[in-house]
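Single-letter residue listing:
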Amino acid sequence: MSPTSPANPGCPTRRLTTAQALVAFLARQYTERDGRRQRLISATWGIFGHGNVAGIGQALVEAGGGRSDGSGDGGARNGGGGDGGARNGAAHRMPYLQGRNEQAMVHAAVGYARQSGRLSAHAVTTSIGPGATNLVTGAALATINRLPVLLLPGDTFATRPADPVLQQLEVEYAGDVSVNDCLRPVSRYFDRITRPEALIPAALQAMRVLADPAGTGAVTLALPQDVQAEAYDWPEEFFAERDWHVRRPAPDAHELEAAVRAVRSARRPLIVAGGGIRHSAAEETLAAFAAATRIPVASTQAGKGALRHDHPADVGGIGHTGTATADELARTADLVIGIGTRFSDFTTASGTLFANPAVRILHLNITGFDAHKLAALPLVADARAGLEALTAALAGRGYRVDPAYETEYTGAKEAWEERVEASFATPDPTARPTQTQVLGLLDALVTEDDILINAAGSLPGDLHKLWRTRSRDQYHVEYGYSCMGYEIPAAIGVLLADGARTDPDRPRRPVWALVGDGTYLMNPTEIVTAVQENLPLKLVVLQNYGYASIGGLSESVGAERFGTAYRHRDADGGFTGPPLPVDLAANAASLGMRVLRATTVDDLRAALSEARDAGGPTCVYVETETPDTVSGPPPAQAWWDVPVAETASRPAAVKAREEYDRQVAARRRHL
């Protein structure tokens, strides 16, 4: 006969350690939206040490952790509470994934969450000390991008039997501070579980935040290592399956009417599509709205793919890395309709893009915080629900943009496509390719099944301007945090999510991680994980011997490309000597990848095709040529504010400051 809980007389209990209870609890949490149900936490990543090996590590063994495709049970129920172990069968297992770097584990979890539509997530467990602090960058990325991930860092002893323990930070003025407190500002929810029973409210709050479409991000439960291993009589109710409904809040009637008036009075409206459209699965609704109104649609980095590239209303990326078409429309727009965007400085060209003196901003966003940015007319709602309401409200009032405006932007789009073709052109198949030619060869190869992942360097700008997105999830560029080292682990997360969603008899979708040499050197470790799981990651490494993007930025602000080249020192101590003899292809091969080296355009075309068909992890390595005026990317179509030295003796900085003063004069406050 099971004992009963002192807190709930008559309620049966189960005696488990805190770690065992947490893992059992997590395996029984589900999200539901639009009638679709899935595991909220479908797997746990972990690197073990003295802060979690005897707690969470042992609990994962109890829970039947093993090889995982990241899928959980797809919503299966098996009745009964069970004991959280392998005896429950697959439904309540907690699959385990082995990482090599704590930051990379979070990136993989973020890639998984994004590909899962934020409806399913991964947990990440680490030891105390450096294992925990290595989570901070990934946590910041998750929270900035509004993507759910559960962090379970080990912590120092709650009971303090030995003080300090190995890797403990001692704070003279506060005994309750640990290094895990650095996760507070980058977490949407943080709690330290200093008693077993404190896990119950904390775990429920953690799930609430992870499933909150307006408040999700990194969630941290810091777990003192002694508390993890401490046993407690847990109420069986704690282990009941729970469904967390992911809501779709509808717009307020007053805000909706104001939005309708704003749209109907606009002569040159422009939609700025952000990542909220993808998170809400509102792509078809946006397409219907654009078809009904003929309002052109520009996209942020996170929103690219909201419309296919060949949709008549799609005018491409907006802002500093945007197209000439979208940016010129933004300068002359009298109404900018933001949908699910944060209106970052890249999108607004640091406050210089929306230049029409009469421009108004209307912002449909699920958070009031974002909806009120730029003194916008707020329409606080889920993107899909808000667009449906706005479409219905306008339908009976006969709104559609002037045909001349439609002709103007479709003609400008055709002209931009000619610039794309020129950038992608490969007139000499025996030459070394430029970076944009690499993208052109990929563009000719992929279908709507392929997914491209990138985050940092010069590639995000080229992709935002040039890439022809064919499906809602093809374009996966992380630009909220633009974190070097994101791409490879994120691709693993995407592959795990794809494996969870597709028919087991259907081949996995081709997933490409595009990285420059600077990004590759930051974080190649999860190649080992891709090899271990035999995931068909397609890694494209572009070698240009330095930080090309920052080199260009450095030159533009008068810093003369200082510290951006990967070269030997010269006689004067600078870095202008020969390129470093670093062989990244050999490095990738040493980590277990099959590597295809390409020297010419023709080589690269064949290597990319071979990699796309490969069933295991494959790397394509190519050294890129410096672009010329024919095959290089179009220059920035809008400004970005990077302050330039106000006083300097070197001519490059003096000239850069003059240009800066000219540009900054165009900035405006939208009030």
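Higher on the page you've got the structure.
Residues numbered from 1 in each chain as written. Predicted model: local features only at pLDDT ≥ 70, side-chain atom pairs only at ≥ 80, totals over all residues. Heavy atoms only, no water.

Q: Please set out the overall build of the protein residue by residue, giving values where relevant.
A: The number of helices and strands found in the protein is 24 helices and 23 strands. Since a compact globule built from 671 residues should have a radius of gyration of about 26 Å, the 26 Å found for the protein is in line with a globular shape. Relative to its full complement of 671 residues, the protein shows a buried share of 57%. Residue pairs at least 24 apart in sequence account for 77% of intrachain contacts in the protein once pairs closer than 6 positions are excluded. Here the protein has roughly 26100 Å² of accessible surface; of this, 53% comes from carbon and sulfur atoms. Where the 65 positive side-chain charges of the protein centre and where its 76 negative ones centre are 4 Å apart. (Helix = DSSP H or I, 4+ residues; strand = E, 2+ residues; numbered from the N terminus. Rg over C-alpha atoms; globule rule 2.2 N^0.38 Å. Buried < 20%, exposed > 50% of the residue type's maximum accessible area, 1.4 Å probe, protein only. Contact = heavy atoms within 4.5 Å. Areas by Shrake-Rupley, 256 points an atom, 1.4 Å probe, with all protein chains shown as cover. Lys, Arg positive; Asp, Glu negative; His and termini not counted. Charge placed at Lys NZ, Arg CZ, Asp CG, Glu CD.)

Q: Lay out helix α16 (residues 435–445) with the relevant residues and their values.
A: α16 sits mainly inside the fold: nine of its eleven residues count as buried. The set of residues buried in α16 consists of Q435, T436, Q437, V438, L439, G440, L441, L442 and D443. If you follow the buried residues of α16, they end up packed against α15 (403–424), α17 (459–466), β20 (511–516), β21 (537–543), α23 (601–613) and β23 (618–623).

Q: Describe the pattern of salt bridges, with residues and values.
A: Per the stated rule, a full pass over the model turns up 41 salt bridges. The salt bridge partner of R14 is E236, with a shortest N-O separation of 2.8 Å. Note that R14 is positioned in strand β1 (residues 13–17) and E236 in the loop between β10 (231–235) and β11 (242–245), a separation of 222 residues in sequence. For R14, a relative accessible area of 9% corresponds to the buried category. Overall, the relative accessible area of 24% leaves E236 in the partly exposed class. (Salt bridge = Lys/Arg side-chain N within 4 Å of Asp/Glu carboxyl O.)

Q: Can you break down the side chain of T469 residue by residue, with the values?
A: By secondary structure assignment, the location of T469 is in the loop between α17 and β19 (475–477). Relative accessible area serves as the criterion here: at 2%, T469 is assigned to the buried category. Leave out the neighbours within four places in its chain, and T469 touches K304, G305, R308, H309, Q474 and Y475.

Q: Report on the sheet that holds strand β14 (residues 314–317), specifying residues and quantitative values.
A: Strand order in the open sheet formed by six strands is β14-β13-β12-β15-β16-β17, with parallel pairing between adjacent strands. This sheet does not close on itself; its edge strands, each paired only once, are β14 and β17 (377–380). Geometrically, the sheet is characterised by an average inter-axis angle of 20° between neighbouring strands, direction not taken into account. With three bridges joining them, strand β12 (residues 269–273) and strand β13 (residues 297–299) adopt parallel strand pairing. When the sheet's bridge partners are listed, A273 is paired in β13 with S299. Together, β15 (335–339), β16 (360–365) and β17 form the strand contacts of helix α8 (residues 253–264), whose direction differs from that of β17 by roughly 130°. Packed on one face of the sheet, helix α11 (residues 324–332) meets β12, β13 and β14 and runs near 100° to β14. (Pairing = 2+ DSSP bridges. Axes fitted to C-alpha atoms, helices over the stretch in contact; angles between N-to-C directions.)

Q: Account for the side chain of D155, naming residues and giving values.
A: Tracing the backbone shows D155 in strand β7 (residues 149–155). At 3.2 Å, the side chain of D155 and the side chain of N180 are in polar contact. A polar side-chain atom of D155 sits 2.7 Å from a polar atom in the side chain of R192. Excluding its chain neighbours within four sequence positions, the residues that come into contact with D155 are I128, S178, N180, R192, A222, L223, P224 and Q225. (Polar contact = N/O pair within 3.5 Å; in protein donor to acceptor, adjacent residues only side chain to side chain.)

Q: Tell me about the packing of aromatic side chains, and please be specific about residues and values.
A: To describe a pair of aromatic rings, one takes the distance between the centres and the angle between the planes. Here the structure, examined in full by the defined rule, presents eleven aromatic pairs. With a centroid separation of 4.5 Å and an interplanar angle of 10°, the aromatic rings of F25 and F238 are classed as stacked. Residue F25 is located in helix α1 (residues 18–26), and its partner F238 is located in the loop between β10 and β11; the two are separated by 213 residues in the primary sequence. Each member of the pair, F25 as well as F238, is classed as buried. (Phe/Tyr/Trp six-rings, centres within 6.5 Å; stacked < 30°, edge-to-face > 60°.)

Q: Which residues make up the packing of α16 against α17, and what are the values?
A: Their axes nearest at 11 Å, the elements α16 and α17 cross at an angle of 50°. Viewed along their axes, α16 and α17 adopt a mutual orientation that is oblique. In terms of crossing hand, the pair formed by α16 and α17 is right-handed. For the pair α16 and α17, the contacting residues are Q435, T436 and L439 in the first and L459, D462, L463 and L466 in the second. Classifying every residue of the contact of α16 with α17 gives four nonpolar, two polar and one charged. (Parallel < 35°, antiparallel > 145°, perpendicular 65-115°, else oblique. Left-handed = near helix turned anticlockwise from the far one by under 90°. Nonpolar A, V, L, I, M, F, W, Y, C, P; charged D, E, K, R; others polar.)

Q: Summarise empty space enclosed by the protein; cite the residues concerned and give the values.
A: Applying the stated criterion to the full structure yields three cavities of 30 Å³ or more. Where the lining of the largest cavity is concerned, the elements lending two or more residues are β14, α15 and α17. Lining the second largest cavity are R114, G274, G275, I277, R278, E283, A302, G303, K304, G305, A306 and R472. In terms of residue count, the dominant contributor to the lining of the second largest cavity is helix α9 (residues 275–279) (three residues). Here the lining of the second largest cavity is composed, by residue class, of three nonpolar, four polar and five charged. (1 Å grid on protein atoms, 1.4 Å probe; cavity = no way out; pocket = protein on both sides within 12 Å on 5 of 7 lines; lining within 4 Å. Points joined across faces, edges and corners; volume = space filled by probe spheres on them.)

Q: Run through helix α6 (residues 199–210), naming residues and quoting values.
A: Each turn of an α-helix holds 3.6 residues, which means side chains three or four residues apart point in the same direction. Compared with an ideal rise of 1.5 Å per residue, which puts twelve residues at 16 Å, α6 spans 16 Å between its outermost C-alpha atoms and is within 8% of the ideal. Residues of α6 that are buried: L199, A202, A203, A206, M207, V209 and L210. Taken around the axis of α6, the buried residues stretch over an arc of 165°, which confines them to a single face. (Expected span 1.5 Å × (residues − 1). Arc of directions from axis to C-beta.)

Q: Lay out the environment of P249 with the relevant residues and their values.
A: Tracing the backbone shows P249 in the loop between β11 and α8. By relative accessible area, P249 is classed as partly exposed at 26%. Measuring from C-alpha to C-alpha, the distance between P249 and V380 comes to 8.1 Å, with 131 residues separating the pair along the chain. Ignoring any residue separated from it by four or fewer positions in sequence, one finds P249 in contact with I366, A381, D382 and A385.

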